[in-house]
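# Architecture at a glance
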Amino acid sequence: MDKFLIVGLGNVGEEYDLTRHNTGFMVLDAFAKASNIHFDDRRYGFVAETTVRGRKVFLLKPSTYMNLSGNAVRYWLNKENIDQQRLLVISDDVALPLGDFRLKASGSNGGHNGLGHIQQLIGQQYARLRMGVGNDFPRGGQIDWVLGRYSDEELRLLQPSLDLCVDIIRSFVLSGIDVTMNQYNKLGKGRIKKQPTHDDE
């Protein structure tokens, strides 16, 4: 049976729930809910398992904290003997507007600490799904921004993108990264229309 590892990056603990840096966790939670499966506390992370048309899918939320995410990714790839071509890592990205997303087959870590640690341990040749969290922060304020919680309004705006990511993960498992990029990247831009403010009126 073909095996796939889908990793959502984030930090464990209630203080990190629904923070921008945990958007990867939120995508996996949406997939688990849609698949009616639950996460168990396992080695290096919280893991849920399911099958998609005969393909075995492992969902992993590393419990190593963001900066050591590579330990969990490498362990589960090795434990389940999963080909690195069947790994998809989902992370937050301040370079993309809230709700936008971008699939890539490989590439640099873009300054993201979680992706950076994974790259140190297994290289750059793995697929990733970058979820936009916006960058409405002052110079030097990036850490506070990504560790800040989404507002209720932001969560409402983000939900359609989270739902679409469930389809993206299924497509990755069934069709591979190239087909999935071609199908979904065009849907990943300008997803949330700017709300008019009093200044704009």
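Residues numbered from 1 in each chain as written. Predicted model: local features only at pLDDT ≥ 70, side-chain atom pairs only at ≥ 80, totals over all residues. Heavy atoms only, no water.

A few words now on the environment of Ser 108. Inspection of the secondary structure assignment puts Ser 108 in the loop between strand E6 (101–104) and helix H3 (113–122). When the C-alpha atoms of Ser 108 and Gly 123 are compared, they prove to be 9.3 Å apart, with 15 residues separating the residues in sequence. Within the local environment of Ser 108, its side chain forms a polar contact with the backbone nitrogen of Gly 110, the two atoms lying 3.4 Å apart. (Helix = DSSP H or I, 4+ residues; strand = E, 2+ residues; numbered from the N terminus. Polar contact = N/O pair within 3.5 Å; in protein donor to acceptor, adjacent residues only side chain to side chain.)

Trans peptide bonds make up most of the peptide bonds, and negative phi angles are found at most residues other than glycine. At Leu 18, a position not held by glycine, the phi torsion is positive, near 60°. Considering the arrangement of structural elements, one finds Leu 18 in the loop between strand E1 (3–8) and helix H1 (23–35). Judged by relative accessible area, Leu 18 falls into the partly exposed class, the value being 39%. We note that Arg 53 has phi near 50°; this positive angle belongs to a residue other than glycine. Classification of Arg 53 as exposed rests on a relative accessible area of 72%. (Buried < 20%, exposed > 50% of the residue type's maximum accessible area, 1.4 Å probe, protein only.)

Interhelical geometry of H1 versus helix H5 (residues 152–175) gives an angle of 65° and a closest axis separation of 9 Å. Compared by their axis directions, H1 and H5 come out roughly perpendicular. In this structure, H1 meets H5 at a crossing whose hand is right-handed. Of H5, the residues touching H1 (which contributes Met 26, Val 27, Leu 28, Ala 30, Phe 31, Ala 34 and Ser 35) are Leu 155, Leu 158, Leu 162, Cys 165, Val 166, Ile 169 and Arg 170. (Axes fitted to C-alpha atoms, helices over the stretch in contact; angles between N-to-C directions. Parallel < 35°, antiparallel > 145°, perpendicular 65-115°, else oblique. Left-handed = near helix turned anticlockwise from the far one by under 90°. Contact = heavy atoms within 4.5 Å.)

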